[in-house]
Structures are given as structure tokens and as C-alpha cells.
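A structural walkthrough
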Amino acid sequence: MHWKLQEIRAAIPAHLFVRDTRRGLAWLGLDLFMAACCWQLALLIDPMFGHSAAVQRLTPFGAEAARWSCWLAYWWFQGLVFTGIWVIGHECGHGAFSPSQWICNCIGFIVHSLLLTPYFSWRISHHRHHYNHASMERDEVYVPKTRNDLGIPEEGEGKIDYEEYFGDTPIYTLFMLLRQQLLAFPAYLLYNVSGQKHYPRWTNHFDPNSVLFTKEQRNEVLISNAGILAAAVLLHRACLTWGVWTVVKYYGIPWLCVTHWFIMITYLHHTDPALPHYRQPQWNFQRGAAATMDRDFLGWMGRFFLHDVAHYHVIHHFFPKMPFYHGAEATKYLRAFIGEHYYYSDKPVFKALWESYNRCQFVEDKGDILFYRDRSGKAACRPAEKYRTNGSDRLL
């Protein structure tokens, strides 16, 4: 990619970079209103289907089936609404919610703390991810494992039994995928899972002395920790008042859905056999920003509830301060300008998740432009011939 960032920006109309505080507040207000409506409707579920009239009309089994169907619907939609609120906090972290950094930080801190995300600590590492996306040496998250990391010999050193390294049963693979979907974000915050491997062992987002932060950022980390502690106290009080199972039903399971949707969205943005990763000297910001993929995520529900966060992610990597509500129009201009460097997939997202999880296993130790290899050691793409090194980038 030979264009300068200023040239790419110039191809997009200036009004699409304008941040409107009132418009952002309107979206946040709508999200909070929908969350309150979902909660109010959920309060009716158990009394409605536990009533003798409902049991008589539907039979005990039918009433119980209807009750659990309604809870599943609540968890689905409240999980989407909560994720949309998290996305608003993400907008705040980038300064895209409002021209006022004070407004961004206040709203972002509150909504992320209520969703158990350390706002300032996450914002710091997330900015570094944006500045270094797709860099093998400096990216902060979704850094691919290498052949050497997995202990796999190089091609040409004899026959390699890839089954020995990746021969998991589909059931075990599904279990590991579910573990990723539910636990990966807390694991990243607590243990730097999927982050840079050269960081110290106990790197995390809660230690103000962590390698992730500078001394000047220490107070921001402590404020983030205070927000999480306050949220934990509120949840503890709620459990004492209404009971643990009630809190799990109304808040805990939707929160797990946030973790699932957030990890699924970001994983599919950054993990695909067609997406390159770079080592120096081939990496630059423009190449890194383009090495992500827009996806048709849950159709209208993804666009409405998730604020287009999955549909228009490429433009977000180029210009993270652009508000989400300009993403669709801005992407048209970006796509026209960068052409074949723009990545998009309309593959059903759960199918894409399964395929990427199985096909994106590792990258080579050698070479400056890298593509994922699958469980058979095969890559779907390879660099242009002038970038190949010692045959390690050949398409198998």
C-alpha cells in the first residue's frame, strides 16, 4: 500500500469526521432505554408462566418451555443491547463520541465500569493496538503464534505429522472455542492472553506498574481499578438484596453475552486466512489498518444493536476518531480508494468463526509478510514472489 494516510483521508468527505455529542448521547439514551425495557419485560416472565392460569392453559411442561424460551429471548436481546452500550464506551475511548475528551472519559468510564471493563487501562492498550495493528513485534492482541512457538519443525526437515500437533476431535475443538468466547476477554485483561509473548509473565491491565503502562498513566489505571471495585460492590449488594441467581439471570448472563459478542467480533475482524501480518520493515500503519475485515454480522441486528462495529471496522482502523454513524458512508469512499486492499466477507459469522478457528493456527518464523497456516500446515494465501524467503512462504 503506497498511499500516505493523508491521501486516504483526503478521499473521504470532511463532514464524515465530525463528532456530534448530542447524536452520541441520543444513541446512548436509546441503548439505556432498550436495556430498561428488556429488564421490565423480563420481570414479567416468571410470574406470568408460574401463574396457575398459564399452567392450566399451556400444561406444566408447556408453561416451563415458554418460560425458558422467554428467558433465552431476554438474554439474546439484552446481551446485544449491553454490547451496544459497551461499544459506546469503546467510542468514548477513541474520542469518537464527542469533541470533548472530558465527556468521552466520563461516559466511557461509567458504562465500561458497569460492564466490568477497566476503561482507562483498556483504552491505553487498545490505542497501542490501533497504532501497531498487524505488527508481529508490537501489536497488543491477536498476535499469531509462530511455528516455533508450537514446537513444529520447519518444512524441509523431514516429514511433519501435523496431526500430532493439531489432531483434536471436533468436540474438543468446540469446547476450546466456547472457552475462548466466554473467557478470552477476562483472560486478556488478567493474564495478557493472546497479547505480546515477550511481555513479562504476569502482565495484566490492573497493575499500575505493568509494562503496558507508563508512570504517567499510573493514576488512570488506579481510577479504572476503582471503577471495577465500585461495580463489584454494587453487584455484591445486589446479590445480598435479590439473591445470586436473580443477579445472574438479569445481569450475569447478558454480561457473558457481551464477552461472547465482543470476542467474536474482534476475533473475526483480525483473524482470517486472507489477512496478512507483518514484520519489520514491511509493516506500516496503512498496511496494518487495512489488514482487518468488515463482516455482515447478524444482519440488521448487528447494524442496529451493535452500532455497525462489525460491519465497518476497516474505516475504524484507519480513522478511529470517526463516529460509528458515519462508518457506512465513509467505507464507500475508502473502498473505492484502496480497491483490492479492502477486505470484506458476507460469510455467515458462526460459520466464519468455526472456519477461522480451525484454519488460523500459526504463521512462519521467517518472512516479513505472513499468512495463517491451518491444521495441515497449509496457507490459503502467500506474499508476492519478491517478499518470499527461503521457500518458507510457498503455498502448500
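Going by the structure above, here's the rest.
First, a word on scope: everything that follows refers to the structure included in this document. (Residues numbered from 1 in each chain as written. Predicted model: local features only at pLDDT ≥ 70, side-chain atom pairs only at ≥ 80, totals over all residues. Heavy atoms only, no water.)

1. Observations concerning the pattern of salt bridges
If charged atoms from side chains of opposite charge come close, those side chains can pair. The full count for this structure, using the stated rule, is 13 salt bridges. The salt bridge partner of E154 is K366, with a shortest N-O separation of 3.3 Å. Of this pair, E154 sits in the loop between α6 (119-131) and α7 (162-166) while K366 sits in the loop between α15 (349-359) and β4 (369-370), and the two are 212 residues apart along the sequence. The partner of R295 in a salt bridge is D272, with the nearest N and O atoms 3.0 Å apart. With a gap of 23 residues between them, R295 in strand β2 (residues 293-295) and D272 in the loop between α10 (244-270) and β1 (277-278) connect regions that are remote in the sequence. (Salt bridge = Lys/Arg side-chain N within 4 Å of Asp/Glu carboxyl O. Helix = DSSP H or I, 4+ residues; strand = E, 2+ residues; numbered from the N terminus.)

2. Here's the deal with helix α4 (residues 52-94)
Counted at 1.5 Å a residue, the expected span for α4 with its 43 residues is 63 Å, but the 52 Å between its end C-alpha atoms falls short. Along α4, the sharpest kink reaches roughly 110°, centred on T59 and followed within four residues by the proline P60. Count one or two residues on from α4 and you reach G95, which has phi positive near 80°. (Expected span 1.5 Å × (residues − 1). Bend = angle between axes of the 7 residues up to and from the residue.)

3. Remarks on the environment of W283
Structurally, the position occupied by W283 is in the loop between β1 and α11 (285-290). Accessibility expressed as a relative area gives 13% for W283, which makes it buried. Each C-alpha atom, one on W283 and one on A134, is 7.8 Å from the other, the two residues being 149 residues apart in sequence. Ignoring sequence-local partners within four residues, the contact set of W283 consists of Y131, N132, H133, A134, S135, R138, Y278 and G288. (Buried < 20%, exposed > 50% of the residue type's maximum accessible area, 1.4 Å probe, protein only. Contact = heavy atoms within 4.5 Å.)

4. So, the nonpolar core
Buried together is how nonpolar side chains tend to be arranged in soluble globular proteins. Core analysis: the biggest nonpolar cluster contains 53 residues, and F185, L268 and F297 have the highest contact counts within it. Within the residue set of this core, elements represented by two or more residues are α2 (21-42), α4, α5 (101-114), α6, α8 (170-191), α10, α12 (299-305) and α15. Element by element, the count of residues in this core is highest for α10, at twelve residues. Not counting the four nearest positions on each side in its chain, F297 is found in contact with W261, M264, I265, L268, G302, R303, L306, A310, H311 and V349. M1, F318, F319 and M322 belong to the second largest nonpolar core, which has 25 residues in total. (Core = buried A, V, L, I, M, F, W, Y, C linked by side-chain atoms within 4.5 Å.)

5. Observations regarding the packing of helix α9 (residues 218-242) against α10
Packing of α9 against α10 leaves a shortest axis separation of 7 Å and a crossing angle of 120°. As judged from the angle between their axes, α9 and α10 are oblique. Contact residues: L235, A238, C239 and W242 in α9; V244, T246, V247 and Y251 in α10. (Axes fitted to C-alpha atoms, helices over the stretch in contact; angles between N-to-C directions. Parallel < 35°, antiparallel > 145°, perpendicular 65-115°, else oblique.)

6. Digging into the packing of aromatic side chains
In the structure shown here, the tally under the stated rule is 28 aromatic pairs. Ring plane angle 15° and centroid distance 6.4 Å describe the contact between Y162 and F362, whose orientation is recorded as stacked. Of the two residues, Y162 sits in helix α7 while F362 sits in the loop between α15 and β4, which places them 200 residues apart along the sequence. When its relative accessible area of 9% is taken as the criterion, Y162 is described as buried. Centroid distance F324 to Y325: 5.3 Å. Interplanar angle 70°. Geometry classified as edge-to-face. Pairwise contacts between aromatic rings join W27, F77, W300, F304, F305, F324 and Y325 into one cluster. Taking the ring centre of F17 as reference, the NZ or CZ of R9 above it sits at 3.9 Å. (Phe/Tyr/Trp six-rings, centres within 6.5 Å; stacked < 30°, edge-to-face > 60°. Lys NZ or Arg CZ within 6 Å of the ring centre and 35° of its normal.)

7. Overview of the side chain of S125
Following the sequence through the fold, S125 ends up in helix α6. Note on S125: relative accessible area 1%, which makes it buried. A polar side-chain atom of S125 sits 3.2 Å from the main-chain carbonyl oxygen of W122. In contact with S125, not counting residues within four places along its chain, are E140, Y188 and H205. (Polar contact = N/O pair within 3.5 Å; in protein donor to acceptor, adjacent residues only side chain to side chain.)

8. A few points about unusual backbone geometry
A cis amide bond links Q280 to the next residue, P281, at an omega of 10°. Notably, T59 is not glycine yet its phi reads approximately 75°, a positive angle. Positionally, T59 belongs in helix α4. With phi around 55°, Y142 is a residue other than glycine that occupies positive phi space.

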